[in-house]
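The lines below spell out each chain.
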Amino acid sequence: MFTLSIPGDVNIPNIQPDFSAPFFQGFQTIASYVLAGAMLVVLIMLIISGSALAFRGIASDRVRTWAGENIVWIFIAAAVLGAASGLFAWFVNFDFGF
C-alpha cells in the first residue's frame, strides 16, 4: 500500500496581492478624451444646424436642407453621448485629463 508523508513544518512567505491595475487610469483618460471630443463635435453640429434653421441668411440652402434632415439624429446622438458620459462618470469618475 502507498503511504503519503506530509511535512509538518512548511515555510510559506507572506505574500500580499496587488489589486491595482495601472492601465485602468490610462483607459479612463483615453475614454474620457473620446467622450469629450464626441460631445464637442455633436455640440458644434447642433449649434450649426440650429442656427441654420433659425436664421435664414446665415447658411445656404444646402446647409439648411442638411440641418432639417439631420437635426433629430443630432439630438439623439447628443442624448446617447450624454447618457454614456453620465454612466461613465457614475462608474469610473469622469476625467477630462487636464
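These lines cover the structure that appears in this document, whether it is placed above or below. (Residues numbered from 1 in each chain as written. Predicted model: local features only at pLDDT ≥ 70, side-chain atom pairs only at ≥ 80, totals over all residues. Heavy atoms only, no water.)

It is worth spelling out the nonpolar core at this point. Grouped together as the largest cluster of nonpolar side chains are six residues: Ala31, Leu35, Val42, Ile74, Leu81 and Phe88. Residue assignment for this core shows that the elements contributing at least two residues are helix 1 (22–54) and helix 2 (61–92). Other than its neighbours up to four places away in sequence, Val42 contacts Ile74, Ala77, Ala78 and Leu81. (Core = buried A, V, L, I, M, F, W, Y, C linked by side-chain atoms within 4.5 Å. Buried < 20%, exposed > 50% of the residue type's maximum accessible area, 1.4 Å probe, protein only. Helix = DSSP H or I, 4+ residues; strand = E, 2+ residues; numbered from the N terminus. Contact = heavy atoms within 4.5 Å.)

This next bit is on the environment of Arg64. Residue position: Arg64 is located in helix 2. Taking the C-alpha atoms as reference, Arg64 lies 5.5 Å from Ala52; in sequence the two are twelve residues apart. Not counting residues up to four positions away in its chain, the partners in contact with Arg64 are Ala52, Leu53, Arg56 and Ala59. Polar contacts involving the side chain of Arg64 include one to the side chain of Asp61, which spans 2.4 Å. (Polar contact = N/O pair within 3.5 Å; in protein donor to acceptor, adjacent residues only side chain to side chain.)

Applying the stated criterion across every chain, the model contains one salt bridge. As a salt-bridge pair, Arg64 and Asp61 come within 2.4 Å of each other at their nearest N and O atoms. With Arg64 and Asp61 both in helix 2 and three residues apart, the pair spans about one turn of that helix. Residue classification places Asp61 among the exposed positions, given a relative accessible area of 52%. (Salt bridge = Lys/Arg side-chain N within 4 Å of Asp/Glu carboxyl O.)

Since the α-helix turns once every 3.6 residues, residues separated by three or four places project in the same direction. Over its 33 residues, helix 1 runs 48 Å from end to end, which matches the ideal 48 Å to within 8%, given 1.5 Å per residue. Taken together, the buried positions of helix 1 are Gln28, Thr29, Ala31, Ser32, Leu35, Ala36, Val42, Ser49 and Ala52. Next to the buried residues of helix 1 lie helix 2. (Expected span 1.5 Å × (residues − 1).)

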